[in-house]
Structures are given as structure tokens and as C-alpha cells.
Amino acid sequence: MRAIGAVLAGMVTVIAAVLFATTPAEAAAVRIMPLGDSITGSPGCWRALLWNRLQSTGHTNIDFVGTLPPQGCGVAHDGDNEGHGGYLATNIANQNMLPGWLSATRPDVVLMHLGTNDVWSNIAPATILGAFTTLVNQMRASNPNMRILVAEIIPMNPAPCPDCGRRTVALNNAIPAWAAATSTDQSPITVVDQWTGFSTATDTYDGVHPNAAGDQKMSDTWYPALVEALAGTPTPTVTPTVPAGDCAAAYKTTGQWQGGFQGEVTVTNTGTAPMSGWTVSWTYADGQRVTQLWGGTLSANGSSVTVRNAAWNGSLAPGASTTFGFLGSSTGAGTAPTPTCTI
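Let us look at the structure shown here. These figures come from a predicted structure and were not determined experimentally.

1. A short note on the overall build of the protein
Step number 1: When you go through the protein residue by residue, the secondary structure sums to 10 helices and 14 strands.
Step number 2: Among the 343 residues that make up the protein, the fraction classed as buried is 47%.
Step number 3: In the protein, of all internal contacts separated by at least 6 residues, the share reaching a separation of at least 24 is 74%.
Step number 4: Only carbon and sulfur atoms are counted for the fraction: they give 57% of the accessible area of the protein, which is about 15000 Å².

Laid out in C-alpha cells, this is it:
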């Protein structure tokens with residue numbers, strides 16, 4: 001009996017070993033690095049929303065990674081990230097910062113929303129995209145199969161930077177062609193349009209950083225592209241989605257007297273997509289100067305005038321218009337200028 005018992009015990013041990021050896025191991029979690037500046041990291045609550053939506057829809061075998069810890073948001077989530085407030089893409093590339101972050105975290109997927117601070121610093125789109133190429137090459141050196149999601153960044157309309165809106169459009173318009181030229185089958189680049197439908201008036205608290213509504217929009221936009229990447233079938237590129245040349249301005253003199261005048265400019269969205277901000281510029285002749293303005297924010301340098309939208313009138317649906325007015329002084333005939341409008 002003892003011999004039989006020993007045999008049976010041995011058989012159980014062998015069977016258990018075989019079962020353990022043949023049971024497939026659980027797949028390693030997909031490591032996802034959110035990479036960017038303060039929009040991603042300070043506190044970057046779109047990440048919390050995105051994480052929880054992924055969990056609730058069955059995408060649980062994931063790990064958000066980064067050398068920076070969570071920064072609040074008031075909801076449980078995997079908050080590791082690489083969102084460095086104030087950082088420029090060009091500085092990250094030029095100072096070789098990314099390889100260390102990659103080595104420490106070993107991501108499989110990168111969500112990159114970068115370029116806001118470069119735009120603020122008036123760095124040319126070609127230079128920014130050159131930095132993007134450097135970063136992509138470093139990602140692929142870390143992981144040849146890296147899946148890379150690059151955002152067309154959210155709009156900007158900060159008071160200290162009246163030209164940031166049009167600079168953002170210029171960068172975003174250049175991203176799809178860059179992505180198409182840089183994407184590979186082994187390491188595809190997916191362009192994620194975070195610009196369209198995002199309003200600086202209603203979706204930011206300062207013209208740059210998303211508020212709660214903006215966080216929700218960013219999360220909702222990242223989600224389908226990331227789900228595709230997790231499935232291993234990302235769409236390599238998208239066509240440009242940022243509308244250009246969809247803003248028109250009409251100047252009118254509404255009153256004139258010796259040494260002074262009153263005028264107004266009507267701004268119209270002539271495109272097919274909503275716009276979240278506008279900038280109107282013109283140059284006076286005949287010694288004209290704007291002395292007071294309402295319905296916008298004035299920036300003047302001699303005869304050159306630039307007006308950007310106020311917080312309440314930057315968002316215009318297709319075909320919609322808004323008007324700002326002003327008072328001025330003149331030492332000449334008061335010839336009406338021809339304004340230009342950019343978004």
C-alpha cells in the first residue's frame with residue numbers, strides 16, 4: 001500500500017508539473033508612456049480619465065509609465081507619466097533627455113503631445129518637427145516596434161502671446177506630412193487630432209491648459225487611437241484636419257471728426273469647422289493710431305495694429321461673426337486699411 005501511495009503521489013507531482021509547464025503565461029502588460037509638457041503632466045487629468053475608460057472597457061492589461069509620479073486629479077488611476085511642465089520638444093531633443101526616460105520605463109506605446117512651449121517661443125515648425133524626428137529615432141532605438149501616437153496639439157490663445165494661435169495652426173498643418181514620411185510598418189506613427197473641436201474659450205482656463213471640459217475632450221480623442229494601437233493595428237497617418245484660411249475681417253469707419261475717428265471690424269468664420277480664436281492685423285497710413293478698443297485685446301506698435309479675440313468672442317461656428325470697435329486719432333486723411341485675419 002505504501003508503494004502504491006508513493007506511486008500515486010509521484011504521478012500527481014508529474015501531472016502538476018506538466019500542467020504548470022503547458023499553461024500559457026499571462027501576457028506582459030502593455031507599457032504606455034504619456035509624453036509632453038504641463039498639458040500632460042501638471043496635473044494632466046486627461047490621463048486619469050483615459051486610464052479609467054480603458055479599465056472600464058476591458059483594456060486592463062496596461063501600465064502607464066514615466067519617471068514622474070501622479071499629480072492629483074482626485075480620482076484613482078495609474079498616474080506615472082513623462083509630462084514635464086515648461087519643457088520644449090526642441091530642448092528635450094537637443095539635450096538628449098528622452099533616452100534616460102525610455103531606459104527607465106521601457107514603453108511599448110508613446111502618447112506624445114509636445115510643441116506648445118516651442119510654439120510660444122516662436123520656433124519654426126520645421127525645427128520642431130526636426131526635434132520630433134530625433135525623439136522618434138530615440139524611441140525606436142529603445143524599442144524597434146514602438147507604436148507612436150503624435151498629437152496635433154490643442155489650440156492656444158494666451159493673452160501674452162497673440163500670435164500663438166496661428167503658430168499652432170502652422171505646426172499642426174505640418175504634422176501629418178511629417179508623420180507620413182517618418183512612419184514605418186514596424187513602428188507606425190498615428191496622428192491624433194486634438195485640435196479640431198477644442199475651444200480655448202470653453203475648454204481651457206487660461207487659453208493654454210485644459211480645464212475639466214478640455215481634459216474630457218483630450219481623453220475622448222486619445223481613446224480610439226490608443227485602442228487601435230493596443231490592438232496592434234494603428235492607422236499610420238491621417239490627412240490634415242486643421243482648417244486654414246477660414247477667417248475674414250472687414251474694416252469700417254463708423255465716425256470721423258477733426259483729429260479723430262471711430263471704427264469697427266467684423267470677424268467672420270468663413271470655413272467649415274468651428275474656430276476657437278482669431279487674430280486680426282492691419283497697418284495704418286496717414287498717422288492714424290488706435291487709442292481705445294473694446295471687444296478684443298489690442299497690441300499696437302506705431303502704425304501696426306494687432307487685435308486678438310476676447311475670452312467671450314473667440315469661438316465662432318462656421319458662418320458666424322463677431323465685431324470689435326475702437327476709437328483712434330489721426331493727423332491725415334484717415335484712409336481705411338485692409339485687415340487680415342488668422343486663426
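2. Things to note about the state of the cysteines
Step number 1: In the structure shown here, the tally under the stated rule is three disulfides.
Step number 2: The partner cysteine of Cys161 in its disulfide is Cys164, sulfur to sulfur 1.9 Å. Its torsion about the S-S bond being 90°, the disulfide of Cys161 and Cys164 is classed as right-handed. Neither residue differs from the other here; Cys161 and Cys164 are each classed as buried.
Step number 3: Covalent S-S linkage joins Cys247 and Cys341, the inter-sulfur distance amounting to 1.6 Å. Of this pair, Cys247 sits in strand S7 (residues 247-257) while Cys341 sits in strand S14 (residues 340-342); the two residues are 94 residues apart in sequence, bridging distant segments of the chain.
Step number 4: Counting only the cysteines that take part in disulfides, in the order they occur along the protein, gives the pairing 1-2, 3-4, 5-6.

3. Comments concerning unusual backbone geometry
Step number 1: The omega torsion across Ser42 and Pro43 is 0°, close enough to zero to call that bond cis.
Step number 2: By the secondary structure assignment, Pro43 is in the loop between helix H2 (38-41) and helix H3 (46-56).
Step number 3: A positive phi is found at Cys73, a non-glycine position, where the angle reads about 90°.
Step number 4: Looking at the element boundaries, Cys73 is found in the loop between strand S2 (62-64) and strand S3 (82-83).
Step number 5: Of note, the phi angle at Asn122 is positive, near 60°, even though the residue is not glycine.
Step number 6: Positionally, Asn122 belongs in the loop between helix H6 (116-120) and helix H7 (125-142).
Step number 7: Note on Asn122: relative accessible area 51%, which makes it exposed.

4. Some words on the pairing of strand S8 (residues 260-269)
Step number 1: For S7 and S8, the ladder comprises 10 bridges, and the chain directions are antiparallel. For Ala250, the partnering residue across the bridge sits in S8 and is Thr266.
Step number 2: Between the antiparallel neighbours S7 and S8 lie two residues, among them Gly259 with a positive phi of about 80°.
Step number 3: Pairing geometry for S8 and strand S13 (residues 321-329), over nine bridges, is antiparallel. Within the sheet, the bridge partner assigned to Gly260 lies in S13 and is Ser329.

5. Examining the pattern of salt bridges
Step number 1: Tallying each qualifying case throughout the model produces six salt bridges.
Step number 2: For Arg31, the salt bridge goes to Asp63, with nearest N and O atoms at 3.5 Å. Taken together, the positions of Arg31 in strand S1 (residues 30-36) and Asp63 in strand S2 put the pair 32 residues apart, joining distant regions of the chain.
Step number 3: Judged by relative accessible area, which is 22%, Asp63 ranks as partly exposed.
Step number 4: What emerges from the salt-bridge pattern is a single network uniting Asp163, Arg166 and Arg167.

6. What to know about the packing of aromatic side chains
Step number 1: Taken as a whole, this structure holds 14 aromatic pairs when the rule is applied.
Step number 2: Here the aromatic rings of Phe132 and Trp178 are separated by 5.6 Å at their centres, their planes lie at 65°, and the arrangement is edge-to-face. Of this pair, Phe132 sits in helix H7 while Trp178 sits in helix H8 (residues 164-182), placing them 46 residues apart in sequence. Exposure class is identical for Phe132 and Trp178. Each is buried.
Step number 3: Through a chain of ring-to-ring contacts, the aromatic side chains of Tyr251, Phe261, Trp278, Trp282, Tyr284, Phe324 and Phe326 assemble into a single cluster.

Conventions we followed
Residues numbered from 1 in each chain as written. Predicted model: local features only at pLDDT ≥ 70, side-chain atom pairs only at ≥ 80, totals over all residues. Heavy atoms only, no water. Helix = DSSP H or I, 4+ residues; strand = E, 2+ residues; numbered from the N terminus. Buried < 20%, exposed > 50% of the residue type's maximum accessible area, 1.4 Å probe, protein only. Contact = heavy atoms within 4.5 Å. Areas by Shrake-Rupley, 256 points an atom, 1.4 Å probe, with all protein chains shown as cover. Disulfide = S-S within 2.5 Å. Pairing = 2+ DSSP bridges. Salt bridge = Lys/Arg side-chain N within 4 Å of Asp/Glu carboxyl O. Phe/Tyr/Trp six-rings, centres within 6.5 Å; stacked < 30°, edge-to-face > 60°.

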